[in-house]
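This is what each chain is made of:
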Amino acid sequence: MLDEAILERRLNTLEQAVFDLQHKLESKPISENWLEKLIGSVSDEEAFLEALEYGRAFRQSDKPVNEDDDYCSHFTI
């Protein structure tokens, strides 16, 4: 079993870590607006727009080519 001095040091280390995390959290400005949290999170606009285009192309590739070949026609009711 660990001796009391080691446990005391570990407890002090944990208490300091908790204090540091609380201080870090308290020093951050609080924003309730989700958009304000998002603004600035994408630093490379060109890469962001490229990712949007990849997403759009992926969604379009999942759509049927013509109306007669839609997803629901494969099922019988």
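Residues numbered from 1 in each chain as written. Predicted model: local features only at pLDDT ≥ 70, side-chain atom pairs only at ≥ 80, totals over all residues. Heavy atoms only, no water.

Right, let's talk about the overall build of the chain for a bit. Along the chain, the regular secondary structure elements total 3 helices and 0 strands. N-terminal to C-terminal, the α/β element order of the chain is α-α-α. When burial is assessed residue by residue, the chain has 1% of its 77 residues classed as buried. Total accessible area on the chain is roughly 8,200 Å²; 59% of this is exposed by carbon and sulfur atoms. (Helix = DSSP H or I, 4+ residues; strand = E, 2+ residues; numbered from the N terminus. Buried < 20%, exposed > 50% of the residue type's maximum accessible area, 1.4 Å probe, protein only. Areas by Shrake-Rupley, 256 points an atom, 1.4 Å probe, with all protein chains shown as cover.)

Let us now look at a nonpolar patch on the surface. Taken together, the side chains of Trp-34, Leu-35, Leu-38 and Ile-39 make up a nonpolar region of the molecular surface, amounting to roughly 470 Å² of accessible area. Examined against the element boundaries, Trp-34 turns out to sit in helix H2 (residues 34-38). What makes Trp-34 exposed here is its relative accessible area of 62%. (Patch = residues over 30% accessible without salt bridge, like charges linked within 9 Å, V, L, I, M, F, W, Y side chains within 5 Å. Salt bridge = Lys/Arg side-chain N within 4 Å of Asp/Glu carboxyl O.)

On to a negative patch on the surface. A cluster of like negative charges, contributed by Asp-3, Glu-4, Glu-8 and Glu-15, occupies part of the molecular surface. With respect to the helices, strands and loops of the structure, Asp-3 is situated in the segment before helix H1 (4-27). (Lys, Arg positive; Asp, Glu negative; His and termini not counted. Charge placed at Lys NZ, Arg CZ, Asp CG, Glu CD.)

Before going further, it helps to spend a moment on the pattern of salt bridges. In a structure, side chains of opposite charge can pair up when their charged atoms sit close to one another. For the coordinates displayed, the defined rule picks out 1 salt bridge. Among the ionic pairs, Arg-56 bridges to Glu-53, the shortest N-O distance being 2.7 Å. Pair noted here: Arg-56 and Glu-53 are both in helix H3 (residues 45-61), with a separation of 3 residues, about one helical turn. On the basis of relative accessibility, which here comes to 40%, the residue Arg-56 falls in the partly exposed class. Using a relative accessible area of 42% as the deciding quantity, one classes Glu-53 as partly exposed.

Let us look at the confidence of the model for the chain. Across the chain, the average pLDDT comes to 81, with 82% of residues at or above 70. In the model of the chain, H2 stands out as the element of lowest mean pLDDT, 75, in contrast to H1, which has the highest, 93. (pLDDT = per-residue confidence, 0-100.)

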